[in-house]
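Fold and geometry: a report
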Amino acid sequence: MFNRVEIADVLAGKYLNQEITVCGWVRAFRNNRFVALFDGSDFKTLQVVVDFENTDESVLKKISFHACIKASGKLVESQGAGQNYELLADSVEILGESNPEIYPMQPKQQSMEFLREKAHFRMRTQTFAAVFRIRHGVAFAIHKFFNDKGYFYHLSPSVAASDAEGAGEMFRVTTLDVNKPPRTESGEIDWSEDFFGRATNLTVSGQLEAEIGALSLGKVYTFGPTFRAENSNTTRHLAEFWMIEPEVAFFDIFDNMNLAEEFCKYLINYILQNFPDDIAFLDKRLQDEQNKLPQDQRRAMGLLDTLKFVVENDFERITYTEAVKILRDSKPFKKGKFEFEPSWGKDLQAEHERYLVEKHFQKPVIVRNYPKAIKAFYMRQNERDPDVPGETVAAMDVLFPGIGEVIGGSQREERLEKLRARIHEMHLPEEDLWWYLDLRRFGGAPHAGFGLGFERMVQFITGMGNIRDVIPFPRAPGSAEF
RNA sequence: GCCUUAGUAGCUCAGUCGGUUAGAGCGGCGGACUGUUAAUCCGUAGGUCGUAGGUUCGAGCCCUACCUGAGGCGCCA
């Protein structure tokens, strides 16, 4: 039994003038006397004062950067100015030494690229510890938000049979021998011989299965990993990422937008209230990083200000058609600054979204009613509007500064014949979607939902520039070391 | 997948026009100091300049290919 107490509780003042034991890792050892100790429970470190005159030289030598120690003694009010309490240690035990001559981590700023290669150690840094505490906080807040509103946590499978959504390239799941797979008479791989008796993949989205939940339990949400085998090399894509997909019966596109906005604000508020030290640190970190950039490349607002701004202001809501008009009337378009011409019928490019969010409105924007031709088959077709150049669907995207699309959603097509027609138009395999169509044949209901990229939200809240730095073990093209 | 860019000490970087023995800060190591807050001070050891070719009297620097990282675009969340 260690009977150790946690540093967060110690710093909260629970143990003043008591004999306690703490365990943790060394962040700094100053003057052969002062250990700054962290154990993960708090952003701040506990100052452990080592009685160096009565401590063995061999122990003192091993109190090195990120070594793990156990210290016992009396907790007192600190004589120094940097902290309220400190532990006067009368015994220090080395639990795990860390030879500084070969340990790659150093008590100094190290680059994100370097730390990414040391994924097994990077969580010991202040930045990553803060990011991953917040990641937990966001995950917890997601469940709390939906639970408190009467939603049910719904599990969509990670191994999926359907290729229907077409959300991206997929990872094949198979137990067949890749060197000599069974073949049909015509020479194709015989997937009926495979483990599941058919071809299977890692899921790209849990939405279609979530609709089953919504049309039974009313309000559900998924929260789990999804996989895309796209060769995407950007700061905001992962091959494995977590997605939250609420799906709600008797919801239209406007209910859906309201839910999305309330949800985003709730998550940010939760972190602001529960992780103020971590946010303050990340705010300063981002500021230091920004100061190294040339003036014109800096963010308009700091992290904390951005988060508060999002929470305190209504999201702007516009239609796709209005968005195109704004873009075509914009200065950058007229001056030929856009690489791609915004025109009705073409999808908005990253540069267009960035202009709308960061320049024109300077706040999160929800764009809805996109052209039918550029959106997925299951999105509900709108009535033809004479003021709009073409057919649209009840889709919506929530756009955030810096990271772009954080949410994509829609009201779903509940009308069987319209849905079947769309499936045929897009040459999708109707036979694979039999159960999805059944949901419209038997007890169908209007419903809507959206998908939120978990890591993108964590990226936004922490201000991290690369999405690979907000997931413990990022999966990306050519990268699965840990 | 496409475009751009980078690779020099453990880390972050400098290295002029192609010219002698490749530098700094931090970190490490040795010592001093001992109520420090990224402690401070003194000293010291670290490099096949990503890899393989090529041009040249001479290459860290120029050329070619490859590898790896980063950023942008596309795809999306």
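Read on for an overview of the structure. On a predicted model such as this, the values are computed, not experimentally measured, just so you know.

**Some remarks on the pattern of salt bridges**
Using the criterion set out here, one finds 31 salt bridges in the structure. When the shortest N-O distance is used, the salt bridge between K265 and E261 registers 2.8 Å. One end of the pair is K265 and the other is E261, both in helix 6 (residues 253-274) and 4 residues apart, which spans about a single turn. Among the ionic pairs, D329 bridges to K325, the shortest N-O distance being 3.0 Å. Residue class for D329 comes out partly exposed when judged on its relative accessible area of 43%. Here the salt bridges do not stand alone but share partners, grouping E211, E247, R412 and R440 into one network.

**Some details on the sheet that holds strand 2 (residues 34-38)**
An order of 1-2-3-5-4 is seen for the 5 strands of this closed barrel, with the pairing classed as mixed. Mean inter-strand twist for the sheet, computed between neighbouring axes without regard to direction, equals 55 degrees. In this structure, strand 1 (residues 19-30) lies alongside strand 4 (residues 68-77), joined through 7 bridges in antiparallel fashion. From the neighbouring strand, W25 faces strand 4, where its bridge partner is C68.

**Examining the protein's contact with RNA strand B**
Neighbouring residues of RNA strand B: 48 residues in total, closest K108, R228, H237, Q349 and R456. Close to the protein, within 4 Å, the atoms of RNA strand B belong to sugar or phosphate groups at a rate of 49%. Residue K61 places a side-chain N or O atom 3.3 Å away from a phosphate oxygen belonging to RNA strand B. The backbone of A81 places a nitrogen or oxygen atom 3.0 Å from a base oxygen of RNA strand B. Among the elements of the structure, strand 1, helix 3 (112-117), strand 11 (240-249), helix 11 (350-360), strand 15 (404-411) and strand 16 (447-453) are those that each provide at least two residues to the surface near RNA strand B. No other element matches the 4 residues that strand 15 contributes to the surface near RNA strand B.

**A look at the nonpolar core**
Most often, soluble globular proteins have nonpolar side chains that are buried together. Counting 67 residues, the largest nonpolar core has V138, I142, F263, F400, I407, M457 and I461 as its most contacted members. The dominant element in this core, judged by the number of residues it contributes, is helix 4 (residues 126-148), at 11 residues. Setting aside residues no more than four positions away along its own chain, F263 makes contact with I142, F145, F146, I244, F450 and L452. Judged by nonpolar contacts, the second largest core, of 30 residues, contains A323, L348, L399 and Y436.

**Some details on the packing of aromatic side chains**
Applying the stated criterion across every chain, the model contains 25 aromatic pairs. Ring centres 6.0 Å apart and planes at 35 degrees place the aromatic pair W25 and F38 in the tilted group. In this pair, W25 sits in strand 1 while F38 sits in strand 2, placing the two residues 13 residues apart along the sequence. Judged by centre distance (6.0 Å) and plane angle (85 degrees), the rings of F338 and Y355 are edge-to-face. Remark: Y355 occurs in helix 11 and F338 occurs in the loop between helix 10 (331-334) and helix 11; sequence separation between them is 17 residues. The buried category is assigned to F338, whose relative accessible area is 13%. Here the aromatic cluster, defined as three or more aromatic residues joined through ring pairs, consists of F145, F146, Y151, Y153, Y221, F263, Y266 and F450. Above the face of the F38 ring, R27 is positioned so that its terminal group lies 4.2 Å from the ring centre. In this arrangement the basic side chain of R440 is found over the ring face of Y436, its NZ or CZ atom lying 4.0 Å from the centre.

Cut-offs and rules
Residues numbered from 1 in each chain as written. Chains lettered and ligands numbered in written order. Predicted model: local features only at pLDDT ≥ 70, side-chain atom pairs only at ≥ 80, totals over all residues. Heavy atoms only, no water. Salt bridge = Lys/Arg side-chain N within 4 Å of Asp/Glu carboxyl O. Helix = DSSP H or I, 4+ residues; strand = E, 2+ residues; numbered from the N terminus. Buried < 20%, exposed > 50% of the residue type's maximum accessible area, 1.4 Å probe, protein only. Pairing = 2+ DSSP bridges. Axes fitted to C-alpha atoms, helices over the stretch in contact; angles between N-to-C directions. Near = heavy atom within 4 Å. Polar contact = N/O pair within 3.5 Å; in protein donor to acceptor, adjacent residues only side chain to side chain. Core = buried A, V, L, I, M, F, W, Y, C linked by side-chain atoms within 4.5 Å. Contact = heavy atoms within 4.5 Å. Phe/Tyr/Trp six-rings, centres within 6.5 Å; stacked < 30°, edge-to-face > 60°. Lys NZ or Arg CZ within 6 Å of the ring centre and 35° of its normal.

The analysis is restricted to geometry; functional conclusions fall outside its scope.
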